[in-house]
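# Fold and contact review
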Amino acid sequence: MAQATLGAGDVRRRFENVIDVLRYHVATGRFGYVDRIMAAMDPAVVEETVREAVRAALSAASSPRVIEGYLLEYDKEKKSWEPKPEKTKVEYVEDERLRPGSAIPTRARLHGKLLQVDNEWRIAYTPPRIPSEKELAEFFDAVRKDLNVAKLVASLAMTLESRG
């Protein structure tokens, strides 16, 4: 395949909400959307997959809830997750419960906030940013020109954002 016509920075800026929807699904353990995009040999497969992912994200984001607890932060000296001293509220659309002290899946950090609520740990998955029709149309146009754009978007969805 030819080299992608857009660089990673351009793709991240132009299709940030498409990436965010896919990142949300990866964080919650639904890898199927990204897997299908990575394996796609035709732009139509990418379009169908992304539209399905957006519909599922819209459904999840339609009923956000709020959870209150202590954010967990990794303490390198203690080599363990420790709760911050102040309570915080987090808007979430889906959550996962863990036993305190258990391993936290790396994928959860893509779109989740780690909290201690009462005597349990919870991963509160924050609502994904839904792409506009304009962003989707531009993404599908770019994919029709170069399928590698879709594969780059899928790769970016599996990495942590580097925002300050």
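Everything below is about the structure shown above.
Summarised in this report is the structure supplied together with it. Being a predicted model, the structure only gives us computed values, none of them experimental. (Residues numbered from 1 in each chain as written. Predicted model: local features only at pLDDT ≥ 70, side-chain atom pairs only at ≥ 80, totals over all residues. Heavy atoms only, no water.)

### Concerning the side chain of His111
For the record, the criterion: Helix numbering and strand numbering both begin at the N terminus, where a helix is a DSSP run of H or I of at least 4 residues and a strand a DSSP run of E of at least 2. Two N or O atoms form a polar contact when they lie within 3.5 Å of each other; inside protein one atom must be a possible hydrogen donor and the other a possible acceptor, and for residues adjacent in sequence the pair counts only when both atoms belong to side chains. Note on contacts: a residue pair qualifies if any of its non-hydrogen atoms lie within 4.5 Å across the two residues.
Within the element layout of this structure, His111 appears in the loop between β3 (94–98) and β4 (112–117). Here the side chain of His111 touches Asp20 through a polar contact of 3.1 Å, side chain to side chain. Setting aside anything within four residues of it in sequence, one finds His111 in contact with Asp20, Arg23, Tyr24, Ala27, Ala124, Tyr125, Thr126, Pro127 and Pro128.

### Some details on the nonpolar core
Put simply, the rule is: Think of a nonpolar core as a cluster: buried Ala, Val, Leu, Ile, Met, Phe, Trp, Tyr and Cys residues, connected wherever their side-chain atoms sit within 4.5 Å. Under the scheme applied here, a residue whose accessible area is under 20% of the maximum for its type counts as buried, over 50% as exposed, and between as partly exposed, the area being computed with a 1.4 Å probe on protein chains only.
By size, the foremost hydrophobic cluster in this structure holds 42 residues, and its most contacted members are Phe15, Leu22, Val50 and Phe139. Considering each element in turn, this core owes the most residues, 7 residues, to helix α2 (residues 16–27). Excluding residues that lie within four positions of it along the chain, Phe139 makes contacts with Phe15, Val18, Val46, Val50, Val149, Ala150 and Val153. Counting residues in each nonpolar core, the second largest holds 6 residues, with Ile67, Tyr92, Leu115 and Ala124 among its members.

### Comments concerning the sheet that holds strand β5 (residues 120–125)
Basically, it comes down to this: Should DSSP find at least two bridges between two strands, the strands are regarded as paired. Axis geometry follows a simple rule: fit a line to the C-alpha atoms, using only the stretch in contact for helices, then measure angles between N-to-C directions, giving values from 0 to 180 degrees.
One open sheet holds the 5 strands; their spatial order is β2-β1-β4-β5-β3, and the pairing between them is antiparallel. In the strand order of this sheet, the two ends are held by β2 (80–92) and β3, each with one partner. Between one strand and the next, the sheet's axes are offset by a mean angle of 40 degrees, whatever the strand orientation. Across 6 bridges, β4 lies against β5 in antiparallel orientation. When the bridges of β5 are listed, Lys113 appears paired with Ala124.

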